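Chain by chain, the residues run as shown.
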Amino acid sequence: DQQVKQNSPSLSVQEGRISILNCDYTNSMFDYFLWYKKYPAEGPTFLISISSIKDKNEDGRFTVFLNKSAKHLSLHIVPSQPGDSAVYFCAASEGIGKLIFGTGTRLQVFP
Amino acid sequence: DTAVSQTPKYLVTQMGNDKSIKCEQNLGHDTMYWYKQDSKKFLKIMFSYNNKELIINETVPNRFSPKSPDKAHLNLHINSLELGDSAVYFCASSPYTGGGEQFFGPGTRLTVL
């Protein structure tokens, strides 16, 4: 039973445009959400997070939006850069430090 | 000055063997974790320790045993290795238990032949 889902396995975006990565969850007890970026043969790297009491968090080119009623979050990257090409995982936590990860979306940013 | 390190990075072994993966963090964090990423790329938590105390123990075969000699180290011992244990194992740490960012090591790719 996959509690965190990323329904798009891949996304291709032109450099300079906006990348939007989506994530859905089923457990309404999740209170913290995170996005991680992963390059091949490396560990996931933390990008940005959001608490369930907020609906938006911004850090430079990265913005995460949370829609609790829809149990949906998204990561916006603008402008997209070739170095952003990686696999992006969303994750959710319900307070004990146990992160539940989605299956990842491979983002490719082309010139 | 690596924050979370794991050794070895690659481990190839025969079925039935016993092996260990070591993890160390120099971030001063209180909580450490082990995750497994299987062939389908699902990343799932296995264990977490806070100040050497077991906090999370997911449904993992008891052939897997974590050991935390101090709060900067969390090692993973695996007995009687099986083909299905082949995966990438990630260690992570966080400042405290209860949510928040976790910082991951580079992973150990285990291949059981």
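Please read all numbers here as calculations on a predicted model, not as lab measurements.

A.B. asks: So what's going on with the overall build of chain A? Which residues, and what values?
C.D. replies: The helix and strand tally for chain A stands at zero helices and 11 strands. What you see in chain A, going N to C, is helices and strands ordered as β-β-β-β-β-β-β-β-β-β-β. The C-alpha atoms of chain A give 13 Å as radius of gyration, which agrees with the globular expectation for 111 residues (13 Å, within 12%). With respect to the three principal axes, the spread of C-alpha positions in chain A is 40 × 30 × 20 Å. For chain A, with 111 residues in total, the buried portion stands at 47%. Taking as baseline every contact in chain A between residues at least 6 positions apart, the subset at least 24 positions apart corresponds to 53%. Roughly 5,300 Å² of accessible area belongs to chain A as shown, and the carbon and sulfur atoms make up 49% of that amount. When the 11 positive and 10 negative side-chain charges of chain A are each reduced to one mean point, those points stand 2 Å apart.

A.B. asks: Give me the lowdown on the state of the cysteines, citing residues and values where you can.
C.D. replies: Linking two cysteines covalently via their sulfur atoms produces the bond known as a disulfide. Residues and elements named next belong to chain A. With the rule as written, the count across this model stands at two disulfides over all chains. The partner cysteine of Cys23 in its disulfide is Cys90, sulfur to sulfur 1.9 Å. Taking the sign of the S-S torsion, 60 degrees for the link of Cys23 and Cys90, the bridge is right-handed. Of this pair, Cys23 sits in strand S3 (residues 19-25) while Cys90 sits in strand S9 (residues 86-93), placing them 67 residues apart in sequence. Note on Cys23: relative accessible area 1%, which makes it buried.

A.B. asks: With reference to specific residues and values, describe the pattern of salt bridges.
C.D. replies: Residue and element names in this part refer to chain B. According to the stated counting rule, one finds five salt bridges over all chains in the structure shown. The salt bridge involving Asp85 is made with Arg63; its shortest N-O contact spans 2.8 Å. Residue Asp85 is found in the loop between strand S8 (73-78) and strand S9 (87-94), and its partner Arg63 is found in the loop between strand S6 (53-57) and strand S7 (64-70); the two are separated by 22 residues along the sequence. The class of Arg63 is buried, set by a relative accessible area of 13%. Taken together, the shared-partner salt bridges connect Arg63, Glu82 and Asp85 into one network.

A.B. asks: Provide a residue-level description of the sheet that holds strand S1 (residues 4-7) of chain B, including the pertinent values.
C.D. replies: Residues and elements named next belong to chain B. In spatial order, the strands read S1-S3-S8-S7; together these four strands make up an open sheet with antiparallel pairing. Of all strands in the sheet, those bounded by a partner on one side alone are S1 and S7. Between one strand axis and the next, the sheet turns through 20 degrees on average, direction left out of account. With four bridges connecting them, strand S3 (residues 19-25) and S8 associate as antiparallel partners. Looking across to S8, one finds that Ile21 is bridged to Leu76.

A.B. asks: Could you give an account of the nonpolar core, naming the residues involved and the relevant values?
C.D. replies: Counting residues in each nonpolar core, the largest one holds 24 residues, and the members touching the most others are A:Val4, A:Phe33, A:Trp35, A:Leu73, A:Leu75 and A:Tyr88. Among the elements of the structure, S3, strand S4 (32-38), strand S5 (45-51), strand S7 (62-67), strand S8 (72-77), S9 and strand S11 (105-110) of chain A are those that each provide at least two residues to this core. Those residues in contact with A:Leu73 that lie beyond four places of it in its chain are A:Leu21, A:Asn22, A:Cys23, A:Tyr25, A:Phe33, A:Trp35, A:Val64, A:Phe65 and A:Leu66. B:Trp34, B:Phe64, B:Ile78 and B:Ala87 belong to the second largest nonpolar core, which has 19 residues in total.

A.B. asks: Go over the environment of B:Asp30 with me, naming the residues and quoting the values.
C.D. replies: Residues and elements named next belong to chain B. Relative to the helices and strands, Asp30 resides in the loop between S3 and strand S4 (31-37). The spacing of Asp30 and Ile55 is 25 residues in sequence and 12 Å in space, taken between C-alpha atoms. Once you skip the residues sitting within four places of it in the chain, Asp30 turns out to touch Tyr49, Asn50, Asn51, Lys71, Ser94 and Pro95.

Rules and cut-offs
Residues numbered from 1 in each chain as written. Chains lettered and ligands numbered in written order. Predicted model: local features only at pLDDT ≥ 70, side-chain atom pairs only at ≥ 80, totals over all residues. Heavy atoms only, no water. Helix = DSSP H or I, 4+ residues; strand = E, 2+ residues; numbered from the N terminus. Rg over C-alpha atoms; globule rule 2.2 N^0.38 Å. Buried < 20%, exposed > 50% of the residue type's maximum accessible area, 1.4 Å probe, protein only. Contact = heavy atoms within 4.5 Å. Areas by Shrake-Rupley, 256 points an atom, 1.4 Å probe, with all protein chains shown as cover. Lys, Arg positive; Asp, Glu negative; His and termini not counted. Charge placed at Lys NZ, Arg CZ, Asp CG, Glu CD. Disulfide = S-S within 2.5 Å. Salt bridge = Lys/Arg side-chain N within 4 Å of Asp/Glu carboxyl O. Pairing = 2+ DSSP bridges. Axes fitted to C-alpha atoms, helices over the stretch in contact; angles between N-to-C directions. Core = buried A, V, L, I, M, F, W, Y, C linked by side-chain atoms within 4.5 Å.

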